[in-house]
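# Structural overview
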Amino acid sequence: MKELKIVTPILSVSYDELSDSDRRLVDAARKMTYKSYSPYSRFSVGAAILLDNDVVVTGSNQENVAYPSGICAERSAAFYAGANYPEAHFMAIAIAARGTDGEEITDPISPCGACRQALAEYEQLAGHDVKVILAGHDSIYIVPSVKSLMPLAFIDFA
């Protein structure tokens, strides 16, 4: 028997320590939390994806009373990017959220498993690591890649 250790490198930074490009993504993700349709959970999530053509594509969670017919912010943005910019590759994604009190959450949240799996495929299609920026009010985490969030992702589908 052999024990394997999986380590997820996470850089904790303040907003002021972000690059201009990363700030642009975090601002766009935070703005998208206000476009969320989340009357059931009252938990609003926004995502912003930077493409290699310098376009920023955004999305927000969209709920439906016929749960699980809704979609998360990350997949909303990713699928829009894939449909409208099929030649472009993902460079980075930022994710932000507001809680049931309507205020930005204190600590960052990370994507759900379904979003991690979808983002892992876009990362594989890009052929390089896609940076993940998780934004909370008090701290921001930078993860170097989607695979860092989901190291045992199902990506051998070819």
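Residues numbered from 1 in each chain as written. Predicted model: local features only at pLDDT ≥ 70, side-chain atom pairs only at ≥ 80, totals over all residues. Heavy atoms only, no water.

### Points about the sheet that holds strand S5 (residues 131-135)
Each strand in a sheet pairs with its neighbour through backbone hydrogen bonds, running either in the same direction (parallel) or in the opposite one (antiparallel). Here is the rule: Here a strand pair is declared whenever DSSP counts at least two bridges between the two strands. Put simply, DSSP H or I for four residues or longer makes a helix, DSSP E for two residues or longer makes a strand, and each gets a number counted from the N terminus. Here an axis means a line fitted to C-alpha atoms, over the contact stretch when the element is a helix, while the angle between two N-to-C directions is reported on a 0 to 180 degree scale.
On the basis of which strands lie adjacent, the open sheet formed by 6 strands has the order S1-S6-S5-S4-S2-S3 and mixed pairing. Each end of this open sheet is capped by a strand with a single partner; those strands are strand S1 (11-13) and strand S3 (56-60). Strand-to-strand, the axes of this sheet are offset by a mean angle of 20°, without reference to chain direction. With 4 bridges connecting them, S5 and strand S6 (residues 140-143) associate as antiparallel partners. What sits directly across from leucine 134, in S6, is tyrosine 141.

### Brief notes about the side chain of arginine 116
Stated precisely, the cut-off is as follows: Only protein chains enter the calculation, and the probe is 1.4 Å; a residue is then buried if its accessible area is under 20% of its type maximum, exposed if over 50%, and partly exposed in between. By the counting scheme adopted, Arg and Lys are positive, Glu and Asp are negative, and His together with the chain ends is not counted. The salt bridge definition used is simple: a Lys or Arg side-chain nitrogen within 4 Å of an Asp or Glu carboxyl oxygen. In protein, a polar contact requires one atom able to donate a hydrogen and another able to accept it; more generally it is a pair of N or O atoms within 3.5 Å, and residues adjacent in sequence count only if both atoms are side-chain atoms. The contact definition used throughout considers only heavy atoms, calling two residues in contact when any of these lie within 4.5 Å.
Take arginine 116: it is sitting in helix H3 (residues 113-126). Look at arginine 116: it is buried, it has no salt bridge, and the nearest opposite charge is glutamate 74 at 8.0 Å. Here the side chain of arginine 116 touches serine 110 through a polar contact of 2.6 Å, side chain to side chain. When neighbours within four sequence positions are excluded, arginine 116 is seen to be in contact with Ser110, Pro111, Val146, Leu149 and Met150.

### Considerations on H3
To be explicit about the condition: A helix is expected to reach a length of 1.5 Å times the quantity of its residues less one.
Given a rise of 1.5 Å per residue, 14 residues ought to cover 20 Å, and the 20 Å separating the end C-alpha atoms of H3 matches this to within 8%. Taken residue by residue, H3 has Cys115, Arg116, Ala118, Leu119, Ala120, Tyr122, Glu123 and Ala126 as its buried positions. Tucked inside the fold, the buried residues of H3 contact helix H2 (73-84), strand S4 (90-98) and helix H4 (146-149).

### Re helix H1 (residues 20-32)
Think of an α-helix as turning once every 3.6 residues; residues three or four places apart then point the same way. So the rule is basically this: Directions are taken from the helix axis to each C-beta atom, and the arc is the one they span.
With 13 residues, H1 should reach 18 Å at 1.5 Å per residue; the first-to-last C-alpha distance of 18 Å fits that figure. Within the sequence span of H1, burial applies to Asp22, Leu25, Val26, Ala28, Ala29 and Met32. In a view along the axis of H1, the buried residues occupy a sector of 160°, so they form one face of it. Among the exposed residues of H1, those oriented more than 90 degrees off its buried face are Asp20 and Lys31.

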